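Chain by chain, the residues run as shown.
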Amino acid sequence: MPFKFLTLEVADRVATLTVNRPDKLNALNDATIAELGHAIDEIRVDDSIGGVIVTGAGRAFVAGADISELSSQTPVLAKARSRAGQDVFRRIETCPKPVIAAVNGFALGGGCELAMACHIRIASDVAKFGQPESKLGILPGYGGSQRLPRLVGKGRAMQLLMTGETIDAAEAYRIGLVNRVTPAAELMNVAREMMKTILANGPLAIALCIEAIERGLEMSLDEGLILEANHFGLLAATDDMREGMSAFLEKRAPAFKGR
Ligand code: COA
């Protein structure tokens, strides 16, 4: 499907999904949110794609929701906008294929929320993070108040949401908001290398790791442990498990088939 505000390219089983509104620092208008939903749905079912790297065109990753659209919203429309964005970001988060955010610049508001909905975040050393919504008299609407404390803890999330302050990549790494920081010029290569490492592993195992973590975190420990044991049992029925273990014992690289 052709996109107006995104580009989607596929090479070597890795999709690169780029938010492409650089003149507005890739601000997420409603149309871009809808396109992100279509893109992740396509990626989910396209067998030629093993995983996706999400990034931004130009000097920003995403500088937030589009304030020109938010400025005139009514309470009912604002709630619907929030629910629509939350739904798209949840589809990204629960995608059974690995999603890596390559954060190339500003990741503010909805941009920080988009990065947090990805499974792994790699930041350029010039990236900036923040949830500045309180400066606009609102709170995050695309999951920021829920995902940020889960990632960095309650106290730090309280501070970031209430001050609206912007932090640099080094601080984002220190508090656990990003997995890794790289020089700007190396960002995409580092993201691709990490994706390559992941895609060399069993795809069913990867999908169930994602599900165990994403769903398990919403459960009690006992329920999460049952989920894990069920996945562990399910994978024992796969050719991939036999291949992975045979390859180890035969001292060769595995050739997983995803079945
Ligand atoms: N919504 C709509 N437009 C945005 C935007 C947003 N969230 N963020 C940036 N833009 C637009 C600017 O209005 C400007 O458009 P214009 O050239 O037509 O005037 C363009 O992107 C470039 O932004 P500008 O502010 O000139 O760049 P800067 O380098 O001076 O500042 C930021 C960069 C990120 C600090 C600043 O743009 C900013 O604070 N953006 C809003 C961040 C925010 O509050 N996000 C949460 C929204 S809920």
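Our subject is the structure that appears above.
Because the structure is a prediction, the values reported are computed rather than measured.

Following the criterion strictly, the structure yields one aromatic pair and no others. Sitting over the face of the ring of F5, R21 holds its NZ or CZ atom 5.4 Å from the ring centroid.

A few words now on the pattern of salt bridges. Tallied over the entire structure, the rule returns 14 salt bridges. Between E93 and R147 there is a salt bridge whose closest N-O contact spans 2.7 Å. Here E93, found in helix 3 (residues 75-93), pairs with R147, found in helix 5 (residues 144-152); they are 54 residues apart in sequence, far enough to count as distant. Residue class for E93 comes out buried when judged on its relative accessible area of 8%. Notably, a salt bridge pairs R252 with E250, separated by 2.7 Å at the nearest N-O pair. For R252, a relative accessible area of 35% puts it in the partly exposed group. Each of R90, E93, R147 and E214 takes part in salt bridges that share partners, so that together they form one network.

Locating S82 in the fold gives a position in helix 3. Here S82 falls in the buried class, since its relative accessible area comes to 17%. Contacts of S82, omitting those with residues within four sequence positions, involve G141 and Y142.

Sheets are built from strands that pair by backbone hydrogen bonding, the pairs being arranged parallel or antiparallel. Taken together, the six strands give an open sheet; going across it, the order is 1-2-3-5-7-10, and neighbouring strands pair in mixed fashion. Each edge of the open sheet is held by one strand with a lone partner, namely strand 1 (6-11) and strand 10 (180-182). Here the average twist between neighbouring strands, direction ignored, is 20 degrees. Sheet topology note: the strand 2 (residues 14-19)/strand 3 (residues 51-56) ladder contains six bridges and is parallel. By the bridge assignment for strand 3, T18 is matched with T55.

Criteria and cut-off values
- Residues numbered from 1 in each chain as written.
- Predicted model: local features only at pLDDT ≥ 70, side-chain atom pairs only at ≥ 80, totals over all residues.
- Heavy atoms only, no water.
- Phe/Tyr/Trp six-rings, centres within 6.5 Å; stacked < 30°, edge-to-face > 60°.
- Lys NZ or Arg CZ within 6 Å of the ring centre and 35° of its normal.
- Salt bridge = Lys/Arg side-chain N within 4 Å of Asp/Glu carboxyl O.
- Helix = DSSP H or I, 4+ residues; strand = E, 2+ residues; numbered from the N terminus.
- Buried < 20%, exposed > 50% of the residue type's maximum accessible area, 1.4 Å probe, protein only.
- Contact = heavy atoms within 4.5 Å.
- Pairing = 2+ DSSP bridges.
- Axes fitted to C-alpha atoms, helices over the stretch in contact; angles between N-to-C directions.

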